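Tertiary structure, described
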Amino acid sequence: MANDLGVSTTPAATPRLGSLKRLWPYIRPYRGLVLLTLFGALGATLVQIAIPLITQDVIDGPIADRDKSGLIPLGLLALAFGVAEALLFFLRRWAMTKSSLAMERDLRDHIYGHLLGLPVAFHDRWSSGQLLSRATSDVSSIRRFVGFSAIFLVVNIVSCIVIMVLLIGIYWPLGIFIAVSAIPLVVTGMRFERRYNLVSRQVQDQQGEIATDVEESVLGIRIIKALGRRGLVFGRFDSRAVQLQRLELGKVKLLAFIWAIFELQPQLVLAGVLVGGAFAVAGGAMTIGTLVSFIALFTVMVWPILSIGWLLASTLEAGTAADRIFELLDAQPTIVDTPGVRERRIGAGRLRLEAVGFGYPDAATPVLHDVDLEIAPGETIALVGATGSGKTTLTALIPRLYDVTAGRITIDGVDIRDLPVSQLRSQVATAFEDATLFSMSARENLTLGRPDATDDEVAEAIEVAQASFVHDLPWGLDTRLGEQGMSLSGGQRQRLALARAVLGRPTVLVLDDPLSALDVHTESLVEEALSRVLVRTTALVVAHRPSTVLLADRVALLEGGTITHIGRHSDLLATVPAYRSILSAESDGDGASQGRPRGDREPSSGGRQMQVEGVRR
Amino acid sequence: MTTQGDWRGIATEDVDDVSSQAGIFLRARSRRLLGELISPHRRQVRWLLLVIIVQNLAWLAGPWLVGLGIDNALPALMDDASVGPLIWIGSAMLVAAGLDAILRYAFLRRTGQIGQEMLLTLRRKVFSHVQRLPLAFHEHYTSGRVISRLTSDVDALNELLDEGLDGLLTALFSIMTIGIVLIVLDPPLGLVTMLAFPLLILLGRWFQTNSARAYRRTRETVAMVIVQFVESLGGIRAVQAFRREPRDTEIFRTLNEDNRKAQDRAFWLMSIFVPGVQLIGNLVTVGVLMYGAIRVMDGDMKLGVLAAFLLYVRRFFDPMSDVAMFYNSYQSAVAALEKLSGVLEEESSVPPARNPQPMRQAHGDVRFEGVEFGYAERTDASRERTLAGVNSDPIVLPDLDLHIPPGQTVALVGATGAGKSTLARLAGRFYDPRAGIVSLDGVDLRRLSDEDLRRAVVMVTQESFLFSGSVADNIGFGRPEASRSEIEHAARVIGADEFIQKLPEGYDTDVRKRGGRLSAGQRQLVSFARAFLADPAVLILDEATSSLDIPSERLVQRALRTILADRTAIIIAHRLSTVEIADRVLVMESGRLIEDGSPYDLLAGSGRFADLHTAWRDSLA
Ligand SMILES: Nc1ncnc2c1ncn2[C@@H]1O[C@H](COP(=O)(O)OP(=O)(O)OP(=O)(O)O)[C@@H](O)[C@H]1O
Ligand SMILES: Nc1ncnc2c1ncn2[C@@H]1O[C@H](COP(=O)(O)OP(=O)(O)OP(=O)(O)O)[C@@H](O)[C@H]1O
Ligand SMILES: [Mg+2]
Ligand SMILES: [Mg+2]
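Here the structure is a predicted model, which means the values were calculated and not measured.

**Overview of the overall build of chain A**
Scanning chain A from terminus to terminus reveals 23 helices and 10 strands. Here the C-alpha atoms of chain A give a radius of gyration of 36 Å, more than 25% beyond the 25 Å that 2.2 N^0.38 yields for 617 residues. Looking at chain A as a whole, 60% of its 617 residues qualify as buried. Look at the contacts in chain A between residues 6 or more apart in sequence, and 77% of them connect residues 24 or more apart. Counting only carbon and sulfur atoms, one obtains 59% of the accessible surface of chain A, whose full area is about 22700 Å². Between the centroid of the 59 positive side chains of chain A and the centroid of its 63 negative side chains there is a distance of 3 Å.

Encoded structure:
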């Protein structure tokens, strides 16, 4: 009964806060420090109670006896207690700092590592702002909880219980009255919990939305400026910021309410104690001295009760933060090593797609179905298809950025799902259609996953991609690139991405439209250098232009989600009308303009093409 | 070989730790910002001060009434069984408690509101300022840092407002009143108490100088954590495909640990400062106790006074810790505000026109006169580096003269890195030239208002960035007031309608972040439709069809013939098929225009363009 208050404010009993329990593994390594924090906090509280007692002794002892020498030991004692209090205080803060910051770091590291391991499909769905706000502000709320709120919730509840027991011991009817008077607090606390949880969740989500908005508005700054849409973007941001403000105000309202209640209650109880105590004294059940000390003791309890409202809010906040974090941590990485896989020897790298099908998780119809393709070691296949036909999707299946939903992909006869993911990805290198560069040094961008690449390897990759421009950057390879490589020209970005892919001679090379941003001369230089690399690797090259197709030995035509034709470029051009319409420069039978200067710029294919091919092979 | 530290690479804007001189300047700047944020609420703050004083009185009335009750009402009850005084005092306590609670509620709500308004103002200010800053700024600042400014830095201020303000006011109020009471109660002892102040001030000074640096460091390190987080997750495909996870994890660990260390330092300072304040309080209390005891023994002072004095001394020093905590939050917020004010005071290298020349309807006459341009800003440091042999200030366009009459369609061709996009960006005033003038209809672009300029000149950039949101929203971005049918019309003209219709929710399909739901070609079509909808006088297409398949490209080109009929256009393309629709061809090499003429003439000649064209034709096989 006496610990009604205690139970009421220990929120672990409510299901919402279950996720706080799941934080234990992160706190565990620092449990010693957390205990020390608790010890410091409790100790300081005890000392705080002791200091007035010494005062009492001074007054009752030396002063009453006019004994100056008796003052000295008591003075030293008071000094010792004063210093001890400060030391305990320091101890608490120090231990709290060490434990909570280390826990915060661990949790954040863990979230980051977990996110890096989640499949691309997960990242497709989640906005980066939401991920970020969970890894930063939510983790910080948990830090505050572990380092402060949890500790003081315990300390305050313990002090309340202790004082309550003492009070009941002094005069039980009034003590019971105080215990019972905690019931309204419990009830409001519980009702408050539900509502507060809701808004605090909304606030945290909205903060994530704002972060997302900010990120987009910066990444898209070129577009915003190019179209002069600052106002529109600001409007979007503003409506979110205003919404956030509204939610925050809702939170303020609830908090102010709970504060006021927790502040009101002890004072009302005090009035009750005074009146009840007065009657008790009048009735002779209690002496005046007892009443005074009863009240004095009760006032010590006021502050702990009062702060419980605030601590409760902070705990609830940590609870929602933990919920949000575990939403991420509960997402299972789906593209992982199947149990028991071992590294296998990969030979020359014969790549086979067998009846491969793939659909994006939320799409009704699959993008790819029944794709069969075999690429021999050293062979290069060009993948040709209309815009949006699924070429990029197909290329993403090979390094297992997505897993096939039907059929299988093998390298040298081994299903790629039976290889360790890291081994697979070390064999397969991709140049994406957008360069995907980071604001790091050019070298780091080049050696992205292979920090151990030698200078010779780097030089070779640069040579193949004709990316020697990097040496002309202000600090050469050490120059930091702008975010997304924005301090480079389009063609420079693309060549850097290409160099990255060919670095270290992967067994399987996947190039997604690798030459689209290059001018004709550079293109032919790259092609020439690249063809030397391609004879050594198994390669799949997505192509939109005949010039790129020429890199390949054979061409696969992707149509309606599957590969309909495979053959040599010239054969397909001659026999497959669909292929001709996609790849032939000749406009769809619009021959009228041929022969005119304008039309002349659309060369007829036939002979010249054969000729070029002859030269190349 | 790279070592662990140098992955970021070198850039010009890296600055070392701020000097103390700069530190003072930064603090002044951030205080100014804080003042600016508070000033609209000054009157309300004054009111709140009153509220908090009354509320404190109500709060303090409780113990006083208890004393009164014990001294007066209790004897009355016991001696002549009169409940009157007790009821009186009981109800007075109820009233005081009610008043206290109500005022507290009102106070918290008002301060909360003011705080939230300040935050909103700050968010708006920073966001719109960042949007106004030129590309040159964004190229080095990175989105991650902007995010950290607008999230974690703003949060630091939020914390200050949250926990600080009301605690501070209450604390200061009680320190003041109790201080007065102490002095009045017994001047000599009061003076002993006041001895604490010099010590407190010394401690505060020490804390201020050290924590300013420490908190500054936390702001910087947390920004680095955010940058790494945002960028690596933004490029997750590359990260995974190239097995960068271990390295990124290692980098993140380092940054995260740096952040922990920085915070640890700040918290360490605090764990000395706050207990230090407590210690001073305790020492003074002991001093008062001893000195007071001696005085009482000497008969200079009554025992009751000493007892009261000691009780009050405790109450005097207790709120000091609150003030210390507030001071700590304040330091943290000031460091955040330093960063924010830094962004806010970042001046645009492309400043808006002072007295803009109005331009209702542009004709589209574009002129470059003696234009010189390089991306790096020319600073003393860069000049020094140039002397030292580091070519950090490459000139991209050395001296450009060009006139494009209204309605002309110009094809701009040339090797990659020649400076084509740069020329286009100057025409759209993404940057200002170092020398020379870029003008539209004879008006220097620097004298046009942003609005007029953006209406007149629109660019389809080489990167087709889409915003998350529906396809229709993205196309409508070109002209927000456009109706749905206009949007669909634009898509149809460009040839994007077909694929959009096939998306699960047609025009309402969410394209997801950065347009990830669409293929590269589809993204390009959407951004094309977006620019088309904007309907500008000058349209610049920078490699706008590079990712399209040939049939789509043809469709776009056919559309362009009609779209461009009455507009000035600059088309940058490596696939010379575009040249078909051009009236004029410019060939650029290393930032210079080396050929200029009609396609027929150039083709007939034997210059660069004729070369390029032959090579291109050969490549078409
Ligand atoms: N993450 C995704 N979720 C759902 N659908 C997607 C996603 N990415 C692409 N799609 C859809 O799948 C189809 C194939 O896209 P993909 O990027 O593979 O085309 P592509 O052949 O590479 O085209 P392009 O030549 O334009 O690059 C498109 O219709 C596209 O809208
Ligand atoms: N934001 C920037 N900051 C610094 N240097 C830049 C920036 N943008 C481009 N450059 C440099 O300026 C030069 C010209 O670049 P620009 O983008 O104008 O070339 P481009 O002709 O458009 O080439 P591409 O055909 O490859 O797109 C290049 O050397 C490039 O590295
Ligand atoms: Mg693609
Ligand atoms: Mg360019």
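We are not done yet, so read on.
**Side note on the overall build of chain B**
Summing up its helical and strand segments, chain B has 20 helices and 10 strands in all. On C-alpha atoms alone, chain B measures out to a radius of gyration of 35 Å, which is more than a quarter above the 25 Å that the 2.2 N^0.38 rule sets for 621 residues. Its C-alpha atoms give chain B principal-axis dimensions of roughly 120 × 60 × 55 Å. By sequence separation, contacts in chain B at least 24 residues apart represent 78% of the contacts at least 6 residues apart. When the accessible surface of chain B is split by element, carbon and sulfur atoms take 57% of a total near 24900 Å². For chain B, the distance from the average position of its 68 positive side-chain charges to the average position of its 74 negative side-chain charges is 1 Å.

**Considering the domain arrangement of chain B**
Segmentation of chain B into domains returns domain 1 (19-344) and domain 2 (366-449 + 460-620). Computed from C-alpha atoms alone, the centre-to-centre distance between domain 1 of chain B and domain 2 of chain B is 54 Å.

**Quick look at the domain arrangement of chain A**
Residue and element names in this part refer to chain A. Looking at chain A, the domain boundaries give domain 1 (16-329) and domain 2 (351-611). For domain 1 and domain 2, the distance between their C-alpha centres works out to 57 Å. Taken together, the contacts link five residues of domain 1 with six residues of domain 2. When domain 1 packs against domain 2, the two sides together hide about 530 Å² of surface, and 57% of this comes from carbon and sulfur. Of all residues in domain 1, Val-120, Leu-219 and Arg-222 give up the largest surface area on contact with domain 2, accounting jointly for 66% of the area buried on that side.

**Digging into the site of ligand 2**
With respect to spatial proximity, 21 residues lie near ligand 2, and among them Ser489(A), Gly491(A), Gln492(A), Ser421(B) and Thr422(B) are the closest. More than one chain reaches ligand 2: the nearby residues come from chains A and B. Here an oxygen atom of ligand 2 and a side-chain polar atom of Ser421(B) are 2.5 Å apart. In the environment of ligand 2, a nitrogen atom lies 3.4 Å from a nitrogen or oxygen atom belonging to the side chain of Arg425(B).

**Examining the packing of aromatic side chains**
Residues and elements named next belong to chain B. Evaluated as defined, the whole model comprises 26 aromatic pairs over all chains. With 6.2 Å between their ring centres and 75 degrees between their planes, Phe-197 and Phe-316 make a pair best called edge-to-face. Pair noted here: Phe-197 is in helix α7 (residues 196-234) and Phe-316 is in helix α10 (residues 303-345), with a separation of 119 residues, a long-range link. Seen from their ring centres, Phe-273 and Tyr-327 are 6.2 Å apart, and the 55 degrees between their planes marks the pair as tilted. Of the two residues, Phe-273 sits in helix α9 (residues 245-297) while Tyr-327 sits in helix α10, which places them 54 residues apart along the sequence.

**Digging into the site of ligand 1**
Around ligand 1 lies a shell of 21 residues, among which Lys391(A), Thr392(A), Thr393(A), Ser519(B) and Gly521(B) are the nearest. Around ligand 1 the close residues trace back to chains A and B. The backbone of Gly388(A) places a nitrogen or oxygen atom 2.8 Å from an oxygen atom of ligand 1. Within the backbone of Gly521(B), a nitrogen or oxygen atom sits 2.7 Å from an oxygen atom of ligand 1. Those elements that place two or more of their residues in the shell around ligand 1 are α13 (391-397) of chain A together with α17 (520-534) of chain B.

**Here we look at empty space enclosed by the protein**
All chains considered together, the criterion is met by 16 cavities of 30 Å³ or more. A volume near 170 Å³ is recorded for the largest cavity. Every element with two or more residues in the lining of the largest cavity is listed here: α4 (135-141) and α7 of chain B. For the lining of the largest cavity, the class distribution of residues is six nonpolar, five polar and six charged. Of the volumes computed, that of the second largest cavity is approximately 140 Å³. Surrounding the second largest cavity, 14 residues form its lining, Arg545(A), Glu553(B), Ser577(B), Trp616(B) and Leu620(B) being those nearest its centre. Top contributing element to the lining of the second largest cavity by residue count: helix α18 (residues 550-563) of chain B, with four residues.

**Section: the coordination of the magnesium ion (ligand 4)**
Residues and elements named next belong to chain B. For the magnesium ion (ligand 4), the full set of protein donor atoms is Ser-421 (OG) and Gln-462 (OE1), at a range of 1.8 to 2.3 Å. You can see Ser-421 sitting in helix α12 (residues 420-427) and its partner Gln-462 sitting in the loop between β6 (457-460) and α14 (471-476), a full 41 residues away along the chain. By relative accessible area, which is 12% here, Ser-421 ends up buried. The exposure class of Gln-462 is buried, given its relative accessible area of 15%.

**Concerning the coordination of the magnesium ion (ligand 3)**
Residues and elements named next belong to chain A. The protein atoms that coordinate the magnesium ion (ligand 3) are Thr-392 (OG1) and Glu-433 (OE), at distances spanning 1.9 to 2.4 Å. Pair noted here: Thr-392 is in helix α13 and Glu-433 is in the loop between β6 (428-431) and α15 (442-446), with a separation of 41 residues, a long-range link. On the basis of relative accessibility, which here comes to 22%, the residue Thr-392 falls in the partly exposed class.

**With respect to the side chain of Glu139(B)**
In this fold, Glu139(B) is placed in helix α4. Only 2.5 Å separates the side chain of Glu139(B) from the side chain of Tyr431(B), close enough to count as a polar contact. Residues within four places of Glu139(B) in sequence aside, it is in contact with Arg222(A), Gly482(A), Glu483(A), Met486(A) and Tyr431(B).

**A short note on a nonpolar patch on the surface**
On the surface, Ile72(A), Leu76(A), Leu79(A), Val83(A), Leu87(A) and Leu283(B) cluster together into a nonpolar patch covering about 510 Å² of accessible area. Among the elements that take part in the nonpolar patch, helix α5 (residues 68-117) of chain A stands out by supplying five residues, more than any other. Since its relative accessible area comes to 37%, Leu283(B) is described here as partly exposed.

**Describing the packing of α5(A) against α7(B)**
The interhelical angle for the contact between α5(A) and α7(B), taken along N-to-C directions, is 15 degrees, at an axis separation of 11 Å. As far as their axial angle goes, α7(B) and α5(A) are roughly parallel. In the crossing of α5(A) with α7(B), the sense of the turn from one axis to the other is left-handed. Contacts between α5(A) and α7(B) involve Arg108(A), Tyr112(A), Leu115(A) and Leu116(A) from the first element and Val225(B), Gln228(B), Phe229(B), Ser232(B) and Leu233(B) from the second. Residue classes in the contact of α5(A) with α7(B) are distributed as six nonpolar, two polar and one charged.

**As for the environment of Phe532(B)**
Residues and elements named next belong to chain B. Along the polypeptide, Phe-532 turns up in helix α17. Overall, the relative accessible area of 16% leaves Phe-532 in the buried class. On a C-alpha basis, the gap between Phe-532 and Gly-506 in space is 20 Å, while along the polypeptide they are 26 residues apart. Filtering out sequence-adjacent residues up to four positions away, Phe-532 remains in contact with Ala-490, Val-493, Ile-494 and Ile-563.

Rules and cut-offs
- Residues numbered from 1 in each chain as written.
- Chains lettered and ligands numbered in written order.
- Predicted model: local features only at pLDDT ≥ 70, side-chain atom pairs only at ≥ 80, totals over all residues.
- Heavy atoms only, no water.
- Helix = DSSP H or I, 4+ residues; strand = E, 2+ residues; numbered from the N terminus.
- Rg over C-alpha atoms; globule rule 2.2 N^0.38 Å.
- Buried < 20%, exposed > 50% of the residue type's maximum accessible area, 1.4 Å probe, protein only.
- Contact = heavy atoms within 4.5 Å.
- Areas by Shrake-Rupley, 256 points an atom, 1.4 Å probe, with all protein chains shown as cover.
- Lys, Arg positive; Asp, Glu negative; His and termini not counted.
- Charge placed at Lys NZ, Arg CZ, Asp CG, Glu CD.
- Domains from an automatic or database assignment.
- Buried area = accessible area lost by both parts, 1.4 Å probe.
- Near = heavy atom within 4 Å.
- Polar contact = N/O pair within 3.5 Å; in protein donor to acceptor, adjacent residues only side chain to side chain.
- Phe/Tyr/Trp six-rings, centres within 6.5 Å; stacked < 30°, edge-to-face > 60°.
- 1 Å grid on protein atoms, 1.4 Å probe; cavity = no way out; pocket = protein on both sides within 12 Å on 5 of 7 lines; lining within 4 Å.
- Points joined across faces, edges and corners; volume = space filled by probe spheres on them.
- Nonpolar A, V, L, I, M, F, W, Y, C, P; charged D, E, K, R; others polar.
- Donors = N, O, S within 2.8 Å, 3.2 Å for Na, K, Ca; no water.
- Patch = residues over 30% accessible without salt bridge, like charges linked within 9 Å, V, L, I, M, F, W, Y side chains within 5 Å.
- Salt bridge = Lys/Arg side-chain N within 4 Å of Asp/Glu carboxyl O.
- Axes fitted to C-alpha atoms, helices over the stretch in contact; angles between N-to-C directions.
- Parallel < 35°, antiparallel > 145°, perpendicular 65-115°, else oblique.
- Left-handed = near helix turned anticlockwise from the far one by under 90°.

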